[in-house]
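A look at the structure
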Amino acid sequence: MEISHQLEPGDLGQIVKQHGLLYAKEYGYDFTFEAYVAEPLAQFAKRQNPRERIWLAKTNGSLIGSICICEVSECVAQLRWYSVDPIARGQGLGKQLMDLAIAFCQQQNYQKIILWTVDGLAVSKSLYLRYGFTISQEDERELWGKVQLEQRYEKQLSPAI
């Protein structure tokens, strides 16, 4: 397994496909979830902002995990496109990706990390709570073909030393 933060041709498509297939299978999301992933992912790739970074975990060229930090403001980062393929779960990859993302946020002197998710993703919620994220907002909405309880999590960061 290799983890890189350099995008290569095909990577964006693999991220969208992995998210689309995984969330359809595990949570019943429809095709609109892929559009939800693809549009801001394309904008991220075009910006090439040094305060933003994506990490891709691959085995033999196939994507098995991803996580990204996007700049919301000078002080706030957003965690996005965090996913670990079922074949790679239980091996510490999720923790490794989260550690890389949080360390990057501290290096960039962000004061807070936010992320948006939905209720019902128990494994993700457990990981977020373990890393010190707390729920700051909840709204019921129709998303990806079903009614969801959308949640915003936040994590305050300590200043870099």
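Note on numbering: residues in each chain are counted from 1, in written sequence order. Local features in a predicted model are, by the rule used here, given only for residues with pLDDT of at least 70; side-chain atom pairs are given and counted only at 80 or more, and totals for whole chains, interfaces and linings are based on all residues. The basis for the side-chain values is all heavy atoms of the structure; hydrogens and waters are excluded.

**Focus: the packing of aromatic side chains**
Any Phe, Tyr or Trp ring, taking Trp's six-membered ring, that has another such ring centre within 6.5 Å forms a pair; planes under 30 degrees apart are called stacked, those over 60 apart edge-to-face, and the others tilted. Per the counting criterion, the structure on display carries 11 aromatic pairs. Consider the rings of Tyr 27 and Tyr 29, whose centres lie 6.0 Å apart with planes at 40°: the pair is tilted. Buried means the residue's accessible area, taken with a 1.4 Å probe over protein chains only, is under 20% of the maximum for its type, while exposed means over 50%, and partly exposed covers the values in between. Among the residues examined, Tyr 27 registers a relative accessible area of 25% and is labelled partly exposed. Here Tyr 29 falls in the buried class, since its relative accessible area comes to 6%. One aromatic cluster in this structure is built from Tyr 23, Tyr 27, Tyr 29, Phe 33 and Tyr 36. Directly above the aromatic system of Tyr 110 lies the positively charged group of Arg 51, at a separation of 4.1 Å from the ring centroid. Two conditions define a charge located above a ring, namely a distance within 6 Å from the ring centre to NZ of Lys or CZ of Arg, and an angle within 35 degrees of the ring normal.

**Digging into the nonpolar core**
Nonpolar side chains tend to gather and get buried jointly when the protein is soluble and globular. In these notes, a set of buried Ala, Val, Leu, Ile, Met, Phe, Trp, Tyr and Cys residues joined through side-chain atoms within 4.5 Å is what counts as a nonpolar core. In terms of nonpolar packing, the biggest core is built from 26 residues, with Ile 67, Ile 69, Leu 79, Tyr 82, Met 98 and Phe 133 touching the most fellow members. To qualify as a helix, a DSSP run of H or I must reach at least 4 residues; to qualify as a strand, a run of E must reach at least 2; elements of each kind are numbered from the N terminus. The element contributing the most residues to this core is helix 3 (residues 93-107), with 7 residues. Residues count as neighbours in contact if any of their non-hydrogen atoms are within 4.5 Å of one another. In this structure Ile 69 touches Phe 44, Arg 51, Glu 52, Arg 53, Trp 55, Ala 77, Gln 78, Leu 79, Ala 101, Phe 104, Cys 105 and Tyr 110, once residues within four positions along its chain are discounted. Core analysis: the second largest hydrophobic core is formed by 18 residues, Val 37, Leu 41, Cys 70 and Val 118 among them.

**Some words on the sheet that holds strand 2 (residues 53-59)**
With respect to topology, 7 strands assemble into an open sheet ordered 1-2-3-4-5-7-6, the strand pairing being mixed. Every interior strand has two partners, whereas the edge strands, strand 1 (2-4) and strand 6 (134-143), have only one. Shown here is a sheet whose adjacent strand axes are inclined to one another by a mean of 20°, direction ignored. Any two strands with at least two DSSP bridges between them are considered paired. Here, axes are lines fitted to C-alpha atoms. For helices the fit covers the stretch in contact, and angles between N-to-C directions go from 0 to 180 degrees.

**Describing unusual backbone geometry**
You will see that Asn 60, though not glycine, has its phi angle at about 50°, which is positive. You can see Asn 60 is positioned in the loop between strand 2 and strand 3 (62-71). Of note in the backbone geometry, Trp 81 takes a positive phi value of approximately 50° without being a glycine. Checked against the element boundaries, Trp 81 lands in strand 4 (residues 76-84).

**What about the state of the cysteines?**
By definition, disulfides here are pairs of cysteine sulfur atoms that lie within 2.5 Å. Under the criterion given, the structure shown has 0 disulfides. Not engaged in a disulfide, the cysteine Cys 75 finds its nearest cysteine sulfur in Cys 105; these two sulfurs lie 12 Å apart. The partly exposed category is assigned to Cys 75, whose relative accessible area is 29%. Take Cys 105: it sits in no disulfide, and the sulfur closest to it among the cysteines is that of Cys 68, at 9.8 Å. For Cys 105, a relative accessible area of 0% gives the class buried.

**A look at the pairing of strand 6**
Summarising the sheet, strand 6 and strand 7 (residues 146-156) pair through 9 bridges and their orientation is antiparallel. Each residue of the ladder has a partner; that of Arg 141, found in strand 7, is Gln 148. Joining the antiparallel neighbours strand 6 and strand 7 is a turn of 2 residues, in which Trp 144 adopts a positive phi near 55°.

**Description of the environment of Trp 116**
Residue position: Trp 116 is located in strand 5 (residues 112-118). Take Trp 116: its relative accessible area is 30%, and that puts it in the partly exposed class.

**Regarding the side chain of Ser 66**
Locating Ser 66 in the fold gives a position in strand 3. By relative accessible area, which is 0% here, Ser 66 ends up buried. Among the polar contacts listed, one links the side chain of Ser 66 to the backbone oxygen of Trp 81, at a separation of 2.7 Å. Each residue touching Ser 66, except ones within four places of it in the same chain, is listed here: Ile 15, Gln 18, His 19, Trp 55, Leu 56, Trp 81, Tyr 82, Ser 83 and Leu 97. Two N or O atoms form a polar contact when they lie within 3.5 Å of each other; inside protein one atom must be a possible hydrogen donor and the other a possible acceptor, and for residues adjacent in sequence the pair counts only when both atoms belong to side chains.

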